[in-house]
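In case you want the letters, here they are:
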Amino acid sequence: MHEHIIKQLKSLQTIEPDNGFVFRTRNLFVPATIATVNISPRPFSIFNWQYASAFALVLISVIVIPFFMFTPEETLASLDTQALTSEIHSLPINVQLEELKYNETAQETITTAVSEASNTDTNHLNTSLIRREGEIINAINEEEVETNVDDLLNQVIQ
Amino acid sequence: MRSEEEILVNKAKNSDHAAFQALYDLYVTQIYRFVFLKVGQKQDAEDITQHVFVSAWENMNSYEHRGFPFSSWLYRIASNATVDHFRTHRHTVDIETVPEEYLGNENDEEATIDVALGIETIKVKLKELEPDQQNVLIMKFVEDKSNKEIAEALQKTEGAIRVIQHRALKQLKTLIDARTHN
C-alpha cells in the first residue's frame, strides 16, 4: 500500500553533508581545540595553574589573614622593619653620646685637679707671702701679749 | 550495541578525542540527514548537526549505555535541537527553494528526473507532518532504524512508534496524492 512512499523515503538516503562541513566539525574534536569544547572536570593537579592559583588563594585566606587578624598589636609593631631598623641604628649613637658626656666631665675634673696641683703661682702656696703673713700675725700677737703681760705685771706690782 | 562501538563510547567518556572522532565519523551523515530533512536548510542543518556533536562531547560523562546504539542518544539530542531551532527561528524556508547543490549529492548520474522530482516532493511533504511523524518516518525508512531504537531515541514505547508510523505514512500519502491531483 505504501511501498511507493517508502521507496521515495529511502531515496532520501542519498542526502549527505558537505565534505568541508564534515572536516571542519571533525576538527573541533582534535586535542588543540578540545580544551575549549571539553567541559568534563579535569583531574586535580598542583601543576595546573588554575588549581595552583586557587590553592594559593585558599592558603592566604586560611593562614595569613587569621594571623594578622588575631596577632596582638605589639607583635605587629615589632614586625615593623622600618622602626626596628631606625632603632638599631640609633642605639650605638646614644651609647656613644653617653660615653662622650662622661668622658667630657671626667676630663674637666682631671684637668682642674691637675692644673690646681701644678699651679705654683697661687697665693696660698707662695712662701714669701706666708712668711709675711706669719710675721704680721706674730707681730700682732706679740703686741697683744706684751700689753697683756705688762698689765698683769703692773697689777701684781701694785 | 556493537562491542566495537561500546569500546569507542567508553574511551570517549574518558576524554579520548580520537574515539569520539570515530563515533563522529560513524554518525555525522545520518544525523545531518535527519536534521536537514526536518529544518530544510543546509546552513541550519550544519549548525544544528555541529551543535549535536559538541553537546554530545560535552555531556559524554552523563551518557549511560542501556543496550541501544549510541546513535539513539544522538538522535534524541538532534530531535531536541530541532525543536529548539523552530522555537527560536520562527521563519522557515521552503525546501523547494533550496538550490540543488545544497542538497548533498543525491543527484547521482543514475538518478532520473522522475526520481528527483519524487525526492523533492517527499521532502516537501515530509515537512508538513507532525514532528513525531517526521522523526519516525526518517528514522524508520531513511535511516533503517528498528522500532526499538526509535522508541529509545524518542522516549516512547514501541507500540506508540508503530501507531505514529502508520498514521504518518497515511498522512504522507494523502499529502502527495493531493499534490499530484492539483
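Just so we're clear, the structure is a prediction, and the values are computed from it rather than from any experiment. (Residues numbered from 1 in each chain as written. Chains lettered and ligands numbered in written order. Predicted model: local features only at pLDDT ≥ 70, side-chain atom pairs only at ≥ 80, totals over all residues.)

**What to know about the overall build of chain A**
Tallying secondary structure elements over chain A gives seven helices and zero strands in all. Moving toward the C terminus, one meets the helices and strands of chain A in the order α-α-α-α-α-α-α. Every one of the 158 residues in chain A was classed for burial, and the buried ones make up 5%. (Helix = DSSP H or I, 4+ residues; strand = E, 2+ residues; numbered from the N terminus. Buried ≥ 20, exposed ≤ 12 C-beta atoms within 10 Å, placed from the backbone.)

**Focus: the nonpolar core**
Formed by 52 residues in total, the largest nonpolar core has its most connected members in L23, I31, V35, V52, L74, A78 and L137 of chain B. Residues in contact with V35 of chain B, not counting those within four places in the same chain, are A45, I48, T49, A78 and T82 of chain B. (Core = buried A, V, L, I, M, F, W, Y, C linked by C-beta atoms within 7 Å. Contact = placed C-beta atoms within 7 Å.)

**Quick notes on the interface of chain A and chain B**
At the junction of the two partners, chain A supplies 26 residues and chain B supplies 37 residues. In terms of residue count, the dominant contributor to the side of chain A that touches chain B is helix α1 (residues 3-11) of chain A (six residues). Tallied by class, the residues present in the side of chain A that touches chain B amount to 15 nonpolar, eight polar and three charged. (Nonpolar A, V, L, I, M, F, W, Y, C, P; charged D, E, K, R; others polar.)

**Comments concerning the confidence of the model for chain A**
Averaged over all residues, the pLDDT of chain A equals 73, while 66% of them reach at least 70. Ranking the elements of chain A by mean pLDDT puts helix α5 (residues 73-78) of chain A last with 55 and helix α2 (residues 19-26) of chain A first with 92. (pLDDT = per-residue confidence, 0-100.)

**Side note on helix α3 (residues 42-58) of chain B**
The first and last C-alpha atoms of α3 of chain B sit 24 Å apart over 17 residues, in line with the 24 Å expected at 1.5 Å per residue. For α3 of chain B, the full list of buried residues reads K42, A45, E46, I48, T49, V52, F53, A56 and W57 of chain B. (Expected span 1.5 Å × (residues − 1).)

**Digging into the environment of L26 of chain B**
For L26 of chain B, the location among the structural elements is in helix α2 (residues 17-39). In this structure the C-alpha to C-alpha distance between L26 of chain B and E5 of chain B, which are 21 residues apart in sequence, comes to 9.5 Å.

**Things to note about the environment of Q171 of chain B**
All names here are of chain B. By secondary structure assignment, the location of Q171 is in helix α8 (residues 158-181). C-alpha separation for the pair Q171 and L126, spaced 45 residues apart in sequence, amounts to 9.5 Å. Those residues in contact with Q171, other than ones at most four positions away along the chain, are L129 and Q133.

**Quick look at unusual backbone geometry**
Residue and element names in this part refer to chain B. A positive phi angle is found at S15, which is not glycine, with a value near 65 degrees. Tracing the backbone through its elements, the reader meets S15 in the loop between α1 (3-13) and α2. Here S15 falls in the partly exposed class, since 17 other C-beta atoms lie within 10 Å of it. Even without being glycine, Q155 reaches a positive phi, approximately 60 degrees. As for its placement among the helices and strands, Q155 is situated in the loop between α7 (147-154) and α8.

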